[in-house]
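# Per-entry structural report
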Amino acid sequence: MRNKSVSGTLYIVATPIGNLEDITLRALRVLREVALIAAEDTRRTRKLLNHFAIKTPCLSYYREKEAQRAEEIITRLGAGAAVALVSDAGTPGIADPGALLVNRARAAGFAVVPIPGASALATFLSVAGQGAVGHVFLGFLPARSGERSKLLRSLSTATRPIIFYESPHRLLVSLGDCLAALGNRPIVLARELTKIHEEVMAGDLAALLARLKERQVIKGELVVLLAANNAARSVVKAPSAGADFSELAAWYRDNSGSSMKDAARKIATDLDLSRSQVYQRLLEIWPQGTVK
Ligand code: SAM
């Protein structure tokens, strides 16, 4: 464990995505010890720092000024300063500025040290109930409707779930584009994770879109997951004759397009187990909202 932030080092520090208790002890120490904090929005970061009585100076570091600010930060690193980069919330570099500075600092020979913590993506995945299937993460969808639809259509046969960040004012139109490009399929949607109005919804895309349209207003920050295409998944090679429970369960869940009940029946027959026992075990790995 390192106990002191090191001069000439760039720290990439994750901050909470809502609940301030989610900051790590290490993040607090580094933010206190560095000479400078580069922040996407200094006013927002100052509120966080004030909450923890941290007095470190801040420099604004936002996408439009990334190249110029990166040079200034490299100069400070060269003069021996330790610098932290934070974004508005979550982990810098994930649909946030950061990559340019990371690459330049590393190329200039400075240590770049991650200080992990909250990320909307990891937080969402922890409650999305998708198991270890992998996913295609898009960050934000393109703002232009044509580009958005083109990208979504190109993923219509993806064999992994598609995940993206979304803003509340574009949610309905994006979900409409998803329905048109990808067809109806299971969805998990999270809103305001770690905040007072936290909400995780699961179901099928068409029904959820209809429910959301009934709301007068949709507020907050959102993460969306759309299940993989069943037809595309069903062409994946079936498991071998000697497959065990985990292998079979993962295959039925990810590739067969079967309902959980059907999968339980087939696995119970294949492995000569009781159907209810298999059903109970499948409940632990089947995506929320698709249990039938
Ligand atoms: N780098 C950040 C991270 O890893 O958490 C994400 C930055 S991106 C600019 C902001 C987007 O992340 C929001 O528009 C929303 O889609 C998602 N997000 C951030 N906080 C969230 C929260 N508390 N609940 C749900 N989604 C959130």
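For clarity, every value in this text was computed on a predicted model and none was experimentally measured.

### Concerning the packing of helix α3 (residues 66-78) against helix α4 (residues 99-107)
- Running from N to C, α3 and α4 point in directions that differ by 35°, and their axes come no closer than 9 Å. Here α3 and α4 pass one another in a crossing that is right-handed. Packed against α3, whose contacting residues are E66, A67, A70, E71, I73, I74 and L77, the element α4 presents A99, L100, L101, R104 and A105 at the interface.
- Residues of the contact of α3 with α4, tallied by class, amount to 9 nonpolar, no polar and 3 charged.

### Here we look at the site of the ligand
- Taken together, 18 residues are adjacent to the ligand, and T91, I94, D96, A120 and L222 come closest.
- Y165 places a polar side-chain atom, nitrogen or oxygen, 3.4 Å from an oxygen atom of the ligand.
- Between L193 and the ligand, the recorded distance is 2.8 Å, taken from a backbone N or O atom to a nitrogen atom.
- In isolation the ligand offers 570 Å² of accessible surface; the protein chains occlude 91% of this area.

### A short note on the sheet that holds strand β2 (residues 36-39)
- Read across the open sheet, the 5 strands follow the order β3-β2-β4-β1-β5; overall the sheet is parallel. Each edge of the open sheet is held by one strand with a lone partner, namely β3 (58-60) and β5 (111-115). When strand polarity is set aside, the average angle formed by the axes of neighbouring strands in this sheet is 25°.
- Each of β1 (9-13), β2, β4 (83-86) and β5 is contacted by helix α1 (residues 25-33), which is oriented at about 135° to β5, the strand it contacts most.
- Packed onto the sheet, α3 meets β1, β2, β3 and β4 and runs at close to 150° relative to β3.

### Structural notes on the side chain of R170
- Of note, R170 is situated in the loop between β7 (162-166) and α7 (171-182).
- Overall, R170 belongs to the buried group, its relative accessible area being 16%.
- Once residues lying within four places of it in the same chain are set aside, the contact partners of R170 are L141, P142, A143 and R148.

### As for the packing of aromatic side chains
- Applying the stated criterion across every chain, the model contains 2 aromatic pairs.
- Between F137 and Y165, the ring centres sit 5.1 Å apart and the planes meet at 75°, which makes this aromatic pair edge-to-face. With a gap of 28 residues between them, F137 in strand β6 (residues 136-140) and Y165 in strand β7 connect regions that are remote in the sequence.
- Since its relative accessible area comes to 9%, Y165 is described here as buried.
- Residues F140 and Y165 carry aromatic rings whose centres are separated by 5.8 Å and whose planes lie at 65° to one another, so their mutual orientation is edge-to-face. Taken together, the residues span a long stretch of sequence, with F140 in strand β6 and Y165 in strand β7 at a distance of 25 residues.
- Note on F140: relative accessible area 46%, which makes it partly exposed.
- Within the aromatic cluster, the residues linked to one another by ring pairs are F137, F140 and Y165.
- Here the basic side chain of R281 rests over the ring of F245, its NZ or CZ set 3.8 Å away from the ring centre.

Procedures and definitions
- Residues numbered from 1 in each chain as written.
- Predicted model: local features only at pLDDT ≥ 70, side-chain atom pairs only at ≥ 80, totals over all residues.
- Heavy atoms only, no water.
- Axes fitted to C-alpha atoms, helices over the stretch in contact; angles between N-to-C directions.
- Helix = DSSP H or I, 4+ residues; strand = E, 2+ residues; numbered from the N terminus.
- Left-handed = near helix turned anticlockwise from the far one by under 90°.
- Contact = heavy atoms within 4.5 Å.
- Nonpolar A, V, L, I, M, F, W, Y, C, P; charged D, E, K, R; others polar.
- Near = heavy atom within 4 Å.
- Polar contact = N/O pair within 3.5 Å; in protein donor to acceptor, adjacent residues only side chain to side chain.
- Areas by Shrake-Rupley, 256 points an atom, 1.4 Å probe, with all protein chains shown as cover.
- Pairing = 2+ DSSP bridges.
- Buried < 20%, exposed > 50% of the residue type's maximum accessible area, 1.4 Å probe, protein only.
- Phe/Tyr/Trp six-rings, centres within 6.5 Å; stacked < 30°, edge-to-face > 60°.
- Lys NZ or Arg CZ within 6 Å of the ring centre and 35° of its normal.

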